[in-house]
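Examination of the molecular architecture
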There are 2 protein chains.
Amino acid sequence: MNDIFQYIDTHRDRFIDELCTFLRQPSISAQGVGMTECAELVRRLMSEVGIQARLVPTPGFPVAYGEVPSPGARRTVLIYGHYDVQPPEPLEAWETPPFEPSIRNGRIYARGAGDNKGQMFAHLKAIEAVLGTRGKLPVNVKFCFEGEEEIASKNLPAFVSAHRKLLAADVVYASDGPMHPSGPLVYFGCRGILYLELTAHGARRDLHSGLYGGVAPAPAVRLAQALASLWTSRGKVAVGGFYDRVRRPSVADRSVLGAIPFDERSVRDDLGCLPVTGAGAYYWRLLLQPNLNVAGLTSGYQGPGMKTIIPHVAHAKLDARLVMDQDPDEIEEKIRAHLKRREFGDIEVKRLGAVPPSRTPVDHPLGKAVVRAVEQAWGRRPVIVPNLGGTIPDYLFTQVLGLPSIWVPYAPHDEANHAPNESITLEGFVNGIRSTAAALFELAAT
Amino acid sequence: MNDIFQYIDTHRDRFIDELCTFLRQPSISAQGVGMTECAELVRRLMSEVGIQARLVPTPGFPVAYGEVPSPGARRTVLIYGHYDVQPPEPLEAWETPPFEPSIRNGRIYARGAGDNKGQMFAHLKAIEAVLGTRGKLPVNVKFCFEGEEEIASKNLPAFVSAHRKLLAADVVYASDGPMHPSGPLVYFGCRGILYLELTAHGARRDLHSGLYGGVAPAPAVRLAQALASLWTSRGKVAVGGFYDRVRRPSVADRSVLGAIPFDERSVRDDLGCLPVTGAGAYYWRLLLQPNLNVAGLTSGYQGPGMKTIIPHVAHAKLDARLVMDQDPDEIEEKIRAHLKRREFGDIEVKRLGAVPPSRTPVDHPLGKAVVRAVEQAWGRRPVIVPNLGGTIPDYLFTQVLGLPSIWVPYAPHDEANHAPNESITLEGFVNGIRSTAAALFELAAT
């Protein structure tokens, strides 16, 4: 790989310049800002490194699809990324403007630097480096860069289902999310999510609590009681059957889990409180156990001081993180059944979103290949994590396409994605290019 | 009383004009608008009908104090009212501007028309009518008109405690609140209130529910559990000792309660749902039973759609309506003890307000005198209610001054107090003047 790494070092400054051009182009999917221009720019950036690229329209923003065939290659690698970014607001919190990339302290600061333009651009530069050095790739490569990841990948499921042949491959390789605080990271999937809104209804309007207290229904009380019934006093989910399908960690999972560095003190300093797990169970609870959380509560008066009303309605946002082999539909059904059984059938339940969990075994041979590649790129062994605690559209690859998928973040653990002053380190960007390049060879050889 | 009622009829139109002048003067205590001017206007309106009136400063807005001595009279009546009004917002919801009184459909529409300028002004016109007809009053009368009722009578407790001699009397007579839907009403006190804010704390900031779900504390869950513990599944308050001091209704209470007209259908049509009590227990639950209500819930994300966070804090506003002989301090202590006992000692409890309940017996002889007076004024028997379900500063009279106090609302049941298009009926205003005048004579004779 030395010739390729050499090429990357030689062209490092140009790569950084080109990334800055990419970052300068706004592409805020939630606000529809700059999306057409950015999609076209992505297509051009892909073509410039020798990818046969085209934009595939969707009902929303286009997918930039690309291919680099490598006649005679045994394997095909599908690379995923997204070119849309989060809204940059609050603008006043940025030290330099979000769409004017600024290099300082060994980092590029800009909206999208980490999430996901910097990471996805590293894949393109890896293709350039391999082709520029060797003239051909060791594998066939396909690219699926979507423009809607920040708006919940609205049209990606239909796109993937409709293009199974186009996307056919042996493995998915992707870079999103942050690295571990201790350095490079490889992960193999994600927890899923089920997001519900619970609503308790009362009278047709808010009522004076003196004139109606005791005779009118109290939906905020009712909602609190319904919510409380969902957990035991020890904080376990009390919904019948909630844990039924939770997959037990494999021997490989347990071994990987035990090797993740954990610094309780830095967690405590960051959160301002201790984790609820104690040190030993932290990653087990975060990655391999489901969780049910209240993400929002709204009812009645929320300002300073007193307002004496019986609110006529009360809402809760319920955010469940699901693990293999939980199914969002089944969990929703169990929550509904629980509420009915506990005589909270009057509580309205509305689904706001759902993504199934997804996993590739941590001891998958192609995963081991990727780990070796990252080790070559960084000169150190990456942390291996069974899956993300958060949610990515990984099930489209593992369940719809039936492929193993392996994720290698190139952004630092403190990338501030979705927040002001987002950044990627120059080291992470360059080692990301090296990682993608090395991964193509390791995957080819496995 | 015919000569006095004749005087009132003769001067009816002028009285209405004068009330409109009073209503034109803004006096929004919460916003400090027009308070000095209104206090001075009140003093002048009192003087004009022959009351020896003066403004007594407080740390907030002044009390308008007045006297009409009646040498040789056996009894002294203390009349309470308030000249401040609620903020008029939302202005766009008013059919005519809040401080430009408009007469239509037999009502005067203006902020304060019902609450409380119209009602308190009726007392002044009654004094004028009696003095103008008979030359003297049958009782000594004292007036205590405060300017802070709408901001929780902040300085009235200190004023009353400091002026016991000045306020010495045999009975308090006051007009506030709305009549019964079926017509005139007499009530004898109020439920008290205890208003608490409960807060559950977690990390120092909101957290990504994927990156921390299962390992970070979840204050919104904790708050829901703490709240739910306050009630049984049947909706009774589960706080130990909460009902200990609840006074059993007297024979007179029960008789009065049974005679209150109740139209379940109109309640249902108004609320859009049935009362939780069934028809039989409605007024017992509303007036003679305490209630614990959630007036507000706030935590995390409350907008449309999904936001996947673990909120770092969760708040609830807790509004308890208390009855005789419950004590707000003791109830607060019991709620705190309950939370500690149920292992919710981490929930922060903050008192935002408290007013004790207050009662004068419904069969008090001076109460019967007032009932007779209202019957003369209206030509029909009033509904008698043991006390308001809401809260007024009545305990200052009954507990601090040790006086019986009897309340007769002159505003209609749908006065829209605290809301846009507040009104008083012309009939209620005129019969209010008649009621005050008749009450002075009935109280003198008892």
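Just so we're clear, the structure is a prediction, and the values are computed from it rather than from any experiment.

Cut-offs used in this document
Residues numbered from 1 in each chain as written. Chains lettered and ligands numbered in written order. Predicted model: local features only at pLDDT ≥ 70, side-chain atom pairs only at ≥ 80, totals over all residues. Heavy atoms only, no water. Helix = DSSP H or I, 4+ residues; strand = E, 2+ residues; numbered from the N terminus. Expected span 1.5 Å × (residues − 1). Buried < 20%, exposed > 50% of the residue type's maximum accessible area, 1.4 Å probe, protein only. Arc of directions from axis to C-beta. Contact = heavy atoms within 4.5 Å. Polar contact = N/O pair within 3.5 Å; in protein donor to acceptor, adjacent residues only side chain to side chain. Least-squares fit on C-alpha atoms with pLDDT ≥ 70 in both. Pairing = 2+ DSSP bridges. Axes fitted to C-alpha atoms, helices over the stretch in contact; angles between N-to-C directions. Buried area = accessible area lost by both parts, 1.4 Å probe. Salt bridge = Lys/Arg side-chain N within 4 Å of Asp/Glu carboxyl O. Nonpolar A, V, L, I, M, F, W, Y, C, P; charged D, E, K, R; others polar. Domains from an automatic or database assignment.

With that settled, the discussion passes to helix α3 (residues 35–48) of chain A. Residues and elements named next belong to chain A. With 14 residues, α3 extends 20 Å from end C-alpha to end C-alpha; this agrees with the ideal 20 Å at 1.5 Å per step. Among the residues of α3, those classed as buried are M35, C38, A39, L41, V42, L45 and M46. One side of α3 holds all its buried residues, which, seen down the axis, span an arc of 160 degrees. On the buried face of α3, the contacting elements are α2 (12–24), β1 (52–56), β2 (63–68), α4 (117–134) and β6 (140–146). Just downstream of α3, G50 is the residue with a positive phi angle, here 100 degrees.

Residues and elements named next belong to chain B. As for its placement among the helices and strands, S358 is situated in strand β16 (residues 358–359). Polar side-chain contacts of S358 include one of 2.6 Å to the side chain of D394. If we ignore the near neighbours within four places in the chain, the residues touching S358 are F188, G189, C190, M324, D394, Y395, T398 and Q399.

Bringing helix α14 (residues 426–444) of chain B into the picture now. Its 19 residues place the ends of α14 of chain B 27 Å apart at the C-alpha level, agreeing with the 27 Å of an ideal helix rising 1.5 Å per residue. Of all 19 residues in α14 of chain B, 16 are buried; the element is thus mostly enclosed.

Our next topic: the relation of the copies chain B and chain A. Of the two same-sequence chains, chain B is brought onto chain A (RMSD 0.2 Å, axial shift 0.2 Å) by a rotation of 180 degrees. The transformation relating the two chain copies, once decomposed into turn and shift, fits a two-fold axis. Here 100% of the contact residues of chain B are again contact residues in chain A; the copies associate through an equivalent surface.

Successive residues of a regular strand alternate their side chains across the two faces of the sheet. Residues and elements named next belong to chain B. Along strand β10 (residues 192–201), nine of the ten residues are buried, which leaves the element largely enclosed by surrounding structure. Where β10 lies against strand β14 (residues 313–322), ten bridges are found, and the strand directions are antiparallel. Residue pairing across strands places L194 opposite A320, the latter belonging to β14. By the bridge criterion, seven bridges tie β10 to strand β15 (residues 348–355) in an arrangement that is antiparallel. In the sheet register, L198 faces β15, and the bridge partner there is V349.

Strand order in the open sheet formed by eight strands is β15(A)-β10(A)-β14(A)-β12(A)-β12(B)-β14(B)-β10(B)-β15(B), with antiparallel pairing between adjacent strands. Either end of the sheet is taken by a strand with one partner, and the two such strands are β15 (348–355) of chain A together with β15 of chain B. Across the sheet, the mean angle from the axis of one strand to that of its neighbour is 20 degrees, orientation sign disregarded. Along the sheet, helix α7 (residues 219–228) of chain A contacts β10 (192–201), β12 (291–300) and β14 (313–322) of chain A together with β12 (291–300) of chain B; its crossing angle with β14 of chain A, the most-contacted strand, is approximately 20 degrees. In this fold helix α7 (residues 219–228) of chain B packs onto β12 of chain A together with β10, β12 and β14 of chain B, with an angle of close to 20 degrees to the strand it touches most, β14 of chain B.

With that settled, the discussion passes to the interface of chain B and chain A. If you look at the interface, chain B gives 70 residues, while chain A gives 70 residues. For the pairing of chain B and chain A, the buried interface totals around 5200 Å² over both sides, and the portion due to carbon and sulfur atoms is 56%. When the buried area of chain B at its contact with chain A is split by residue, V215, L271 and L297 of chain B rank highest and sum to 13% of it. At the junction of chain B and chain A, the tally comes to two salt bridges. The salt bridge partner of R205 of chain B is D270 of chain A, with a shortest N-O separation of 3.0 Å. Applying the counting rule to chain B against chain A returns 43 residue pairs in polar contact (both at pLDDT 80 or more). Here the side of chain B that touches chain A gets ten residues from one element, more than from any other, and that element is β12 of chain B. Broken down by class, the residue content of the side of chain B that touches chain A amounts to 35 nonpolar, 24 polar and eleven charged. The pairing of β12 of chain A with β12 of chain B spans five bridges and is classified as antiparallel. What sits directly across from T298 of chain A, in β12 of chain B, is T298 of chain B.

Residues and elements named next belong to chain A. Domains assigned within chain A are domain 1 (2–190 + 357–444) and domain 2 (192–246 + 290–355). Computed over C-alpha atoms, the centres of domain 1 and domain 2 are 38 Å apart. Contact residues are listed per partner, giving nine residues for domain 1 and nine residues for domain 2. Both sides of the domain 1 and domain 2 interface together cover about 660 Å² of buried area, and 69% of this is carbon and sulfur. At the boundary of domain 1 and domain 2, one finds zero salt bridges. In this assembly, domain 1 and domain 2 are joined by one residue pair in polar contact (both at pLDDT 80 or more). Its residues assigned to classes, the side of domain 1 that touches domain 2 shows four nonpolar, four polar and one charged.

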